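The primary structure of each chain is shown beneath.
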Amino acid sequence: DKGLEKTKENLFSKIGRAVAGKSKVDDEVLDELEEILITSDVGVDTTVKIIQRIEERVAQDKFMNTAELDRILRDEIAALLSENNTEDLADFEIPENHKPHVLLVVGVNGVGKTTTIGKLSAQFKAKGKSVVLGAADTFRAAAVDQLKLWGERVGVPVVSHGMNTDPSAVAYDAVKQGVDTGADLVIIDTAGRLHTKVNLMNELSKIKRVMQKFIPEAPHEIMLVLDGSTGQNAFIQAQEFTKATEVSALAITKLDGTAKGGVVIGISDQFKIPVKYIGVGEQVDDLQVFNKAEFVDSLFK
Ligand code: GDP
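First, a word on scope: everything that follows refers to the structure included in this document. (Residues numbered from 1 in each chain as written. Predicted model: local features only at pLDDT ≥ 70, side-chain atom pairs only at ≥ 80, totals over all residues. Heavy atoms only, no water.)

## Some details on the pairing of strand 5 (residues 221–227)
In step 1: Where burial is concerned, most of strand 5 is hidden: 7 out of the 7 residues are buried.
In step 2: Here 4 bridges tie strand 1 (residues 101–106) to strand 5, and the two strands are oriented parallel to one another. Across the sheet, leucine 104 pairs through a bridge with isoleucine 222, a residue of strand 5.
In step 3: Pairing between strand 5 and strand 6 (residues 249–253): 5 bridges, direction parallel. Looking at the pairing, valine 225 lines up with alanine 251 of strand 6. (Buried < 20%, exposed > 50% of the residue type's maximum accessible area, 1.4 Å probe, protein only. Helix = DSSP H or I, 4+ residues; strand = E, 2+ residues; numbered from the N terminus. Pairing = 2+ DSSP bridges.)

Written out as structure tokens, the structure is:
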């Protein structure tokens, strides 16, 4: 699994080094483990939780060898990761009476929203699903252009009104086009401004309100995109966005270029929102459905 290679090497090979030459888990090993987890961006709260659980096991069994530590750590991490209830939308059989399935994508600029939408569109299309994109990130010309580029590349229509237009009008037209053309999915790219929570909240509320004129249940999914290489910033963004709107799924990008895959563990534990997709590169194929077992394996291989 090329994408997670770096995460694996940097996160848990460190644990191997920390326990090298030791036969039992002692305070020194635990201190080092704590430091490794924190520097891997697991986050303080989740790290403390993991260390406490291991201390309890050591106290209970009076002794833990370092080989056992790996196995227990693997169990503890698996328990903290969000449940693997994240069916790939590409395989999702959308009931006729709820087409199009509307996916609203949120997140701050630069995290990989547009790229993730492009990759998703390609995957959906490859599985025979029709997609309409809405360029509702109207505050940056580059964002609209980039989405259009992805649309051309992948061969899906992009609804756009250009820069500085009303994002909710774009969302309205995109959902309308989705309904009119019988599309399977409509994906709306939004602006990721976090300047003020109230603005963000109002903007997203308005976008939701207009699409509900066509489909009362829309958006069916609100996916927050986080950059996995930004550590604590990703936690802060998750905090801000979950305060401003409900978030039903996460996409964590840029896990290819980081030693900090621990973000996935910490965010799963702190926010209890399923991680649905992970980004592992810039190319169209570099988006994977998050698989908990595979992820844990990649950390310990
Ligand atoms: P947006 O502002 O949130 O829409 O972010 P973009 O989609 O424009 O992405 C910002 C940059 O991150 C671009 O250069 C992308 O190619 C890059 N990017 C997005 N996802 C990934 C990923 O999973 N891995 C890597 N290495 N780069 C990514």
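## Comments concerning a nonpolar patch on the surface
In step 1: On the surface, Ile38, Val44 and Val48 cluster together into a nonpolar patch covering about 210 Å² of accessible area.
In step 2: Within the secondary structure, valine 48 is located in helix 3 (residues 44–61).
In step 3: Exposure remark for valine 48: the relative accessible area of 33% places this residue in the partly exposed category. (Patch = residues over 30% accessible without salt bridge, like charges linked within 9 Å, V, L, I, M, F, W, Y side chains within 5 Å. Areas by Shrake-Rupley, 256 points an atom, 1.4 Å probe, with all protein chains shown as cover. Salt bridge = Lys/Arg side-chain N within 4 Å of Asp/Glu carboxyl O.)

## So, helix 2 (residues 27–39)
In step 1: Given a rise of 1.5 Å per residue, 13 residues ought to cover 18 Å, and the 18 Å separating the end C-alpha atoms of helix 2 matches this to within 8%.
In step 2: Positioned one or two residues after helix 2, aspartate 41 has a phi angle of 65°, which is positive. (Expected span 1.5 Å × (residues − 1).)

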